[in-house]
Amino acid sequence: MLEDLSQHVLDIAENSIAAGASDVSVEIDEDEAGNRLSMTVEDNGHGMSPEFLSRVTDPFTTTRTTRRVGMGIPFLKQSAELCGGEFILRSQVGAGTHTEAVFARDSIDRPPLGDMPATVMALFMGHPEINWQYIHKINGKEFSLSTVELIEVLEDRELLRTTEVGLWIRDQVKEAINAMRNGN
Ligand SMILES: Nc1ncnc2c1ncn2[C@@H]1O[C@H](COP(=O)(O)OP(=O)(O)OP(=O)(O)O)[C@@H](O)[C@H]1O
Ligand SMILES: [Mg+2]
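Bear in mind the structure is a predicted one, so any value in this text is a computation, not a measurement. (Residues numbered from 1 in each chain as written. Chains lettered and ligands numbered in written order. Predicted model: local features only at pLDDT ≥ 70, side-chain atom pairs only at ≥ 80, totals over all residues.)

### Comments concerning the overall build of the chain
Rule in force here: Helix and strand labels come from DSSP, where a helix needs a run of H or I of at least four residues and a strand needs a run of E of at least two; each type is numbered from the N terminus. Radius of gyration means the value over C-alpha atoms here, while the globule rule gives 2.2 Å times the residue count to the 0.38 power. Counting other C-beta atoms within 10 Å of each residue's C-beta, where C-beta atoms are placed from the backbone, gives the exposure class: buried for 20 or more, exposed for 12 or fewer, partly exposed between. Contacts are defined on C-beta atoms placed from the backbone: any two residues whose C-beta positions lie within 7 Å are in contact.
Helix and strand counts for the chain stand at six helices and six strands. Scaling as 2.2 N^0.38, a compact globule of 184 residues should have a C-alpha radius of gyration of about 16 Å, and the chain matches this with 16 Å. In terms of principal-axis extent, the alpha carbons of the chain reach across some 45 × 40 × 25 Å. Counting all 184 residues of the chain, 31% fall into the buried class. Residue pairs in contact within the chain that sit at least 24 positions apart in sequence constitute 64% of those at least 6 positions apart.

### Concerning the packing of helix α1 (residues 5-18) against helix α4 (residues 116-126)
Rule in force here: Lines are fitted to the C-alpha atoms to define the axes, a helix being fitted only along its stretch in contact, and any angle between axes, read from their N-to-C directions, falls within 0 to 180 degrees. Any angle from 65 to 115 degrees is called roughly perpendicular, while one under 35 is roughly parallel, one over 145 is roughly antiparallel, and all others are oblique. Here is the rule for handedness: rotate from the far helix to the near one, and if that takes an anticlockwise turn smaller than a right angle the crossing is left-handed, while a clockwise turn gives right-handed.
Between α1 and α4, the least distance of the axes is 9 Å, while the angle of their chain directions is 20 degrees. Between α1 and α4, the angle is such that the two are roughly parallel. Along this stretch, α1 crosses α4, giving a crossing that reads as right-handed. Contacts between α1 and α4 involve Ser6, Val9, Leu10 and Ala13 from the first element and Met116, Thr119, Ala122 and Leu123 from the second.

### Comments concerning the pairing of strand β1 (residues 23-31)
The two faces of the sheet receive side chains in turn, since in a regular strand these alternate between them. Put simply, the rule is: Any two strands between which DSSP finds at least two bridges are classified as paired.
Alignment of β1 against strand β5 (residues 131-138), held across eight bridges, turns out to be parallel. Residue pairing for β5: Val24 is matched across the bridge by Trp132. Two elements, β1 and strand β2 (residues 36-43), share eight bridges in a ladder whose sense is antiparallel. From the neighbouring strand, Asp29 faces β2, where its bridge partner is Ser38. If you look at the hairpin formed by β1 and β2, you'll find four residues sitting between the two strands, and Asn35 has a positive phi there, around 55 degrees.

### Quick look at the packing of α4 against helix α6 (residues 163-181)
So the rule is basically this: Polar here means any residue outside two lists: the nonpolar Ala, Val, Leu, Ile, Met, Phe, Trp, Tyr, Cys and Pro, and the charged Asp, Glu, Lys and Arg; Gly therefore counts as polar.
Running from amino to carboxyl end, α4 crosses α6 at an angle of 145 degrees, the nearest separation of the two axes being 8 Å. For α4 against α6, the interelement crossing comes out right-handed. Taken together, the residues of α6 that come into contact with α4 (itself represented by Met116, Pro117, Ala118, Val120, Met121, Phe124 and Met125) are Gly166, Ile169, Arg170, Val173, Lys174 and Ile177. Here the residues of the contact of α4 with α6 are counted per class, giving ten nonpolar, one polar and two charged.

### A closer look at the sheet that holds β1
Hydrogen bonds between backbone atoms are what pair the strands of a sheet, whose relative direction is either parallel or antiparallel. The mixed open sheet is built from six strands, whose spatial order is β3-β4-β2-β1-β5-β6. Only two strands of the sheet have a single neighbouring strand rather than two, namely β3 (86-92) and β6 (141-146). Each neighbouring strand pair of the sheet contributes to a mean axis angle of 10 degrees, computed without reference to strand direction. Direction of pairing for β5 relative to β6: antiparallel, over a ladder of six bridges. The residue of β6 that forms the bridge with Tyr134 is Leu145. Most of the contacts of helix α3 (residues 72-82) go to β3, to which it runs at about 140 degrees, and overall it touches β3 and β4 (96-104). Strand contacts of helix α5 (residues 147-154): β5 and β6, with the helix running at about 55 degrees to β6, the strand carrying the most contacts.

### Details of the nonpolar core
What counts, and what does not: Put simply, a nonpolar core is a cluster of buried Ala, Val, Leu, Ile, Met, Phe, Trp, Tyr and Cys residues tied together by C-beta atoms within 7 Å.
If you look at the biggest cluster of nonpolar residues, it comprises 32 residues, and the most contacted ones within it are Val9, Ala13, Val24, Val120 and Phe124. Residue assignment for this core shows that the elements contributing at least two residues are α1, β1, β2, α3, β4, α4, β5 and α6. The dominant element in this core, judged by the number of residues it contributes, is α4, at five residues. If near-sequence neighbours (up to four positions away) are discounted, Ala13 is found in contact with Val24, Val26, Val41 and Leu123.

No statement about biological role is implied by the geometric values presented.
Here it is in structure tokens:
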């Protein structure tokens, strides 16, 4: 059972990686005034056909051979809809996929956001071959971090695997979120 949104992010980003994406963007948007919290994962992976797309929210649809039932998407959809939000899935074969879950922020059933700094660290460190972009918006303020920019400074993509760089990334995200929460 998934407990928080950051775990859904890992799960949905895992789908993008499995789809052979080279570019994946993850966005969290927190809007107190609008009472909305959304997470969006966008990739340039192989996409899904319209026919597959229409079945994918059904838990008995999966291309996995190890396990019959894929639960990532149906579970996130159910959670968003239970929380007065919506689930949006758009995909085009050969172009990519947009997966978005919107929640009413104040819904008592809404999963907590969880540890996004650790999630970003895990994604960047675990898959340095992907061009990641992380965007976090809080009440109109915005923070963004991309591995393309980081690699320009590091001069070596593989350094993204190192604990030192991973922890630095985690701290950057943590500080940015704190600053935005404090209205800075
Ligand atoms: N971003 C994506 N690009 C291409 N295909 C996708 C994408 N996301 C999901 N799919 C397709 O939809 C199927 C269902 O995804 P879902 O996350 O619900 O389950 P799963 O990944 O198969 O299994 P689980 O997430 O439970 O390990 C995937 O097997 C894959 O075929
Ligand atoms: Mg999945």
